[in-house]
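What follows is each chain in one-letter form.
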Amino acid sequence: MSKRIFFLLVLLMSLSLIGIIFVQAYFIKDSVANEKKRFHSNVIATLYDVSNTIEEEEVSSYYANVQRLKEEYGKVDTTAVSQLLIYQQNRGTKETLIYRSNVYEEDYKLSSSLFDIGLDSLTIQNIIGSSSTEIYSNVELEDKDFGQSPISRITKSANISEAQKISFEKDFKALQKRTPVHKRVEKGTIEKLLSQKLENKNIDISFEYAIYSNDLGTKVQSDNFEYDVKSTFKVPIFPDENDQTPYKLLVNFPDDKSFILSSIIGMILLSIIFTSVIVIAYSSALYQLIKQRKISEIKTDFINNMTHEFKTPIATINLALDAIRNPAIISDEVKVKRYLTMIKEENKRMHAQVENVLRISKLEKNELNISKDRVKLHDLIEDAITHISLIVEDRKGYIKTFLDASKSSVLANETHFTNVIVNILDNAIKYSPNAPEIEVYTENVGTNIILKIKDHGSGMSKAAAKKVFEKFYREHTGNIHNVKGHGLGLAYVKRIVDDHQGYVSVESEKGKGSTFIIKLPLIS
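What counts, and where the lines are drawn
Residues numbered from 1 in each chain as written. Predicted model: local features only at pLDDT ≥ 70, side-chain atom pairs only at ≥ 80, totals over all residues. Heavy atoms only, no water. Core = buried A, V, L, I, M, F, W, Y, C linked by side-chain atoms within 4.5 Å. Buried < 20%, exposed > 50% of the residue type's maximum accessible area, 1.4 Å probe, protein only. Helix = DSSP H or I, 4+ residues; strand = E, 2+ residues; numbered from the N terminus. Contact = heavy atoms within 4.5 Å. Axes fitted to C-alpha atoms, helices over the stretch in contact; angles between N-to-C directions. Parallel < 35°, antiparallel > 145°, perpendicular 65-115°, else oblique. Left-handed = near helix turned anticlockwise from the far one by under 90°. Nonpolar A, V, L, I, M, F, W, Y, C, P; charged D, E, K, R; others polar. Phe/Tyr/Trp six-rings, centres within 6.5 Å; stacked < 30°, edge-to-face > 60°. Lys NZ or Arg CZ within 6 Å of the ring centre and 35° of its normal. Salt bridge = Lys/Arg side-chain N within 4 Å of Asp/Glu carboxyl O. Pairing = 2+ DSSP bridges. pLDDT = per-residue confidence, 0-100. Patch = residues over 30% accessible without salt bridge, like charges linked within 9 Å, V, L, I, M, F, W, Y side chains within 5 Å. Areas by Shrake-Rupley, 256 points an atom, 1.4 Å probe, with all protein chains shown as cover. Expected span 1.5 Å × (residues − 1). Bend = angle between axes of the 7 residues up to and from the residue. Polar contact = N/O pair within 3.5 Å; in protein donor to acceptor, adjacent residues only side chain to side chain.

### Focus: the nonpolar core
Counting 41 residues, the largest nonpolar core has L377, F417, I421, L425 and I518 as the members making the most contacts within it. Here this core takes eight residues from helix α10 (residues 414–430), the largest share from any one element. Excluding its chain neighbours within four sequence positions, the residues that come into contact with F417 are L377, L380, A412, I496, V497, H500, I518 and L520. L194, F207, V235 and I260 belong to the second largest nonpolar core, which has 27 residues in total.

Structure (structure tokens):
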């Protein structure tokens with residue numbers, strides 16, 4: 001996959017993920033806004049219901065009280081306000097129809113003490129009406145005395161209840177607007193009605209309430225009520241006969257935000273969880289893609305370097321074989337031995353590279369059998385130095401040892417751990433542009449022994465130091481072969497040290513060299 005296509009795919013996936021996150025955020029925000037509107041609508045409807053109920057109960061209570069007082073204490077003075085009399089005669093059937101309609105006014109004188117309004121007496125007028133329809137047979141209109149019984153009579157007589165009640169309500173409202181609001185309704189009544197009505201709307205949270213007059217507080221309010229314009233709901237209450245009122249019923253909810261969120265918290269959590277899963281999955285996939293791409297680049301670099309390293313010994317072997325075939329040389333025993341030695345060394349070199357690859361593969365599959373015995377780390381260090389001492393001398397360098405550890409017995413595999421030290425020393429030689437200068441230190445720290453191998457070579461960057469123990473990793477140089485290697489030596493080092501319950505790390509600075517540190521547990 002080309003870089004352009006790779007970055008285009010990453011860009012499209014990233015934009016899609018960002019779009020999904022924004023859609024989810026908008027959806028959550030819209031859900032919260034809708035829930036707030038629904039909560040606001042339910043609360044306002046509840047307040048209007050409570051306000052109307054309080055007004056109706058007040059009017060009904062006083063109306064019922066007036067009716068009772070009229071019957072118990074009132075003295076009635078009845079006056080006919082109007083009377084309508086209609087006579088109609090049908091000559092064909094000889095039937096006479098008489099229709100009467102009457103309206104009466106009843107006056108009541110009641111003691112004002114019953115209403116606590118500050119007057120000596122109170123006059124109440126009651127309007128009643130009655131009507132009747134009578135049909136007589138064989139009676140002339142001139143006969144004013146209808147002695148016989150009518151053949152049909154329909155009589156209606158009743159209090160004009162609705163009209164009377166409406167009239168009373170208007171008069172009552174005009175009267176009551178002079179009464180202080182705390183005498184018109186009790187706090188317990190408001191609290192009870194609000195609780196019932198809010199519960200009917202599935203709003204089961206604590207609330208504070210008050211009645212304000214012209215934006216000033218009255219005695220009717222809960223103990224912890226605090227007026228906040230933004231969070232307080234209000235509706236008019238106790239309108240007068242002209243539907244005007246200075247009073248407002250106010251309610252606020254200390255925990256309204258928590259209540260609103262609680263109704264959709266499940267949906268929000270699921271949305272966040274699913275979005276997080278998508279983000280994590282995408283991040284992991286992207287990380288793996290980038291990692292695989294880097295590994296692909298490292299492997300390509302490894303193959304290029306490995307190919308080059310195999311080409312050189314193969315070419316040398318071919319040249320040596322061609323030389324041996326030469327009749328002029330085959331008879332020269334010294335030259336033949338020299339070429340045979342070259343062939344053996346180059347073959348050994350290729351075999352060592354193949355062995356490194358196989359060792360790493362077996363380590364990853366846990367197929368490498370590493371038996372451990374009691375050995376002295378100082379002996380392994382000296383043995384490893386012997387393996388590479390000729391190379392160091394050939395490059396005019398040196399290896400100095402400072403083996404200060406008083407105890408060096410460890411449980412280790414002699415062969416593999418010697419290879420570990422050889423690989424680190426070989427690495428120090430390869431990355432020393434000039435004559436290699438290497439120091440080897442040991443010291444005891446607690447129950448451990450610390451081995452440090454320090455060089456004064458080219459060093460490495462901090463980014464490279466973090467990845468230097470990864471398989472196939474080499475500081476990326478392209479197809480440049482001034483430093484031989486294929487990124488397996490230090491990976492092998494780490495796997496062997498880990499298998500010995502040890503720890504390996506590196507401290508390095510570009511241009512100043514590197515120090516490899518191995519910590520191993522001592523055995524008594």
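### Thoughts on the packing of helix α9 (residues 377–394) against α10
Interaxial distance between α9 and α10 falls to 9 Å at its minimum, and their mutual angle equals 40°. Taken together, α9 and α10 sit at an angle that is classed as oblique. In the packing of α9 onto α10, the handedness of the crossing is right-handed. Across the interface between the two elements, L377, L380, I381, D383, A384, I385, H387, I388, I391 and V392 from α9 touch E414, F417, T418, I421, V422, L425 and I429 from α10. Residues that form the contact of α9 with α10 fall into these classes: 13 nonpolar, two polar and two charged.

### A few points about the packing of aromatic side chains
Counted by the stated rule, this structure contains ten aromatic pairs. Summarising the aromatic geometry, the rings of F39 and F233 are spaced 6.0 Å apart at their centres and angled 75° between planes, so their arrangement reads as edge-to-face. Remark: F233 occurs in strand β7 (residues 232–236) and F39 occurs in helix α1 (residues 3–73); sequence separation between them is 194 residues. F233 matches F39 in its accessibility class, with the two residues each being buried. One aromatic cluster is present, built from ring pairs that chain together F39, F233, F253 and F259. The ring of F238 has R184 sitting right over it, with the charged end atom 4.2 Å from the ring centre. Directly above the ring of Y398 sits K400, whose terminal nitrogen or CZ lies 4.8 Å from the centroid.

### Here's the deal with the pattern of salt bridges
Tallied over the full model, the rule gives ten salt bridges. A salt bridge links R325 to D322; the nearest nitrogen and oxygen atoms lie 2.8 Å apart. With R325 and D322 both in helix α6 (residues 265–325) and three residues apart, this pair spans about one turn of that helix. Its relative accessible area of 60% is what places R325 among the exposed residues. In this structure, K337 engages E333 in a salt bridge whose closest nitrogen and oxygen atoms are separated by 3.3 Å. Remark: E333 and K337 occur in helix α8 (residues 333–364); sequence separation between them is four residues, near one turn of the helix. Comparing K337 with E333 shows no difference in burial state: the two are exposed.

### Some words on the sheet that holds strand β8 (residues 247–252)
Overall, antiparallel pairing links the four strands, which are arranged β6-β5-β8-β7 in an open sheet. Where the open sheet ends on each side, the last strands, each with one partner, are β6 (216–221) and β7. Neighbouring strand axes in the sheet, compared pairwise and without regard to direction, differ in orientation by 35° on average. Pairing of strand β5 (residues 208–213) with β6 involves three bridges; the strand directions are antiparallel. When the sheet's bridge partners are listed, Y212 is paired in β6 with G217. On top of the sheet, helix α4 (residues 187–200) reaches β5, β6 and β8; it is set at about 125° to β5, its chief contact.

### A closer look at the confidence of the model for the protein
The predicted model of the protein averages 77 in pLDDT, with 72% of residues at 70 or higher. Mean pLDDT across the secondary structure elements of the protein bottoms out at strand β4 (residues 152–159), with 51, and peaks at strand β13 (residues 448–455), with 94. Throughout residues 156–160 the model reports pLDDT below 50, and contacts reaching past four residues in sequence, or to other chains, amount to twelve contacts. In the predicted structure, residues 477–486 sits below a pLDDT of 50 and forms 28 contacts with residues beyond four places in sequence or in another chain.

### Focus on the sheet that holds strand β14 (residues 503–509)
Taken together, the five strands give an open sheet; going across it, the order is β10-β12-β13-β15-β14, and neighbouring strands pair in mixed fashion. Edge positions in the open sheet fall to β10 (398–403) and β14, since each of these has one partner strand only. In this sheet, adjacent strand axes meet at a mean angle of 15° when their direction is disregarded. Across the sheet, α10 is in contact with β12 (437–445), β13 and β15 (513–521); its angle to β15 comes to roughly 170°.

### Here we look at a nonpolar patch on the surface
Taken together, L8, L11, L12, L15, I18 and F22 make up a surface patch of nonpolar side chains, about 600 Å² in accessible area. Tracing the backbone shows F22 in helix α1.

### Quick look at α9
Spanning 18 residues, α9 covers 26 Å between terminal C-alpha atoms, matching the ideal 26 Å at 1.5 Å per step. Of all the bends in α9, the largest measures some 50° and sits at I388. Within α9, the full set of buried residues consists of L377, H378, L380, I381, A384, I385, I388 and V392. Looking at the residues trailing α9, positive phi occurs at K396, about 65°.

### Quick look at the environment of H416
Among the structural elements, H416 can be located in helix α10. Judged by relative accessible area, H416 falls into the buried class, the value being 11%. Between the alpha carbons of H416 and V493 there is a distance of 8.9 Å; along the sequence they are 77 residues apart.

### So, α10
Over its 17 residues, α10 extends 24 Å from the first C-alpha to the last, a length consistent with the 24 Å expected when each residue adds 1.5 Å. The element α10 is largely enclosed, with a buried count of twelve among its 17 residues. Buried residues of α10: H416, F417, T418, V420, I421, V422, N423, I424, L425, N427, A428 and I429, and no others. Of the residues that open α10, the one with a side-chain oxygen 3.2 Å from the backbone nitrogen of T415 is N413.

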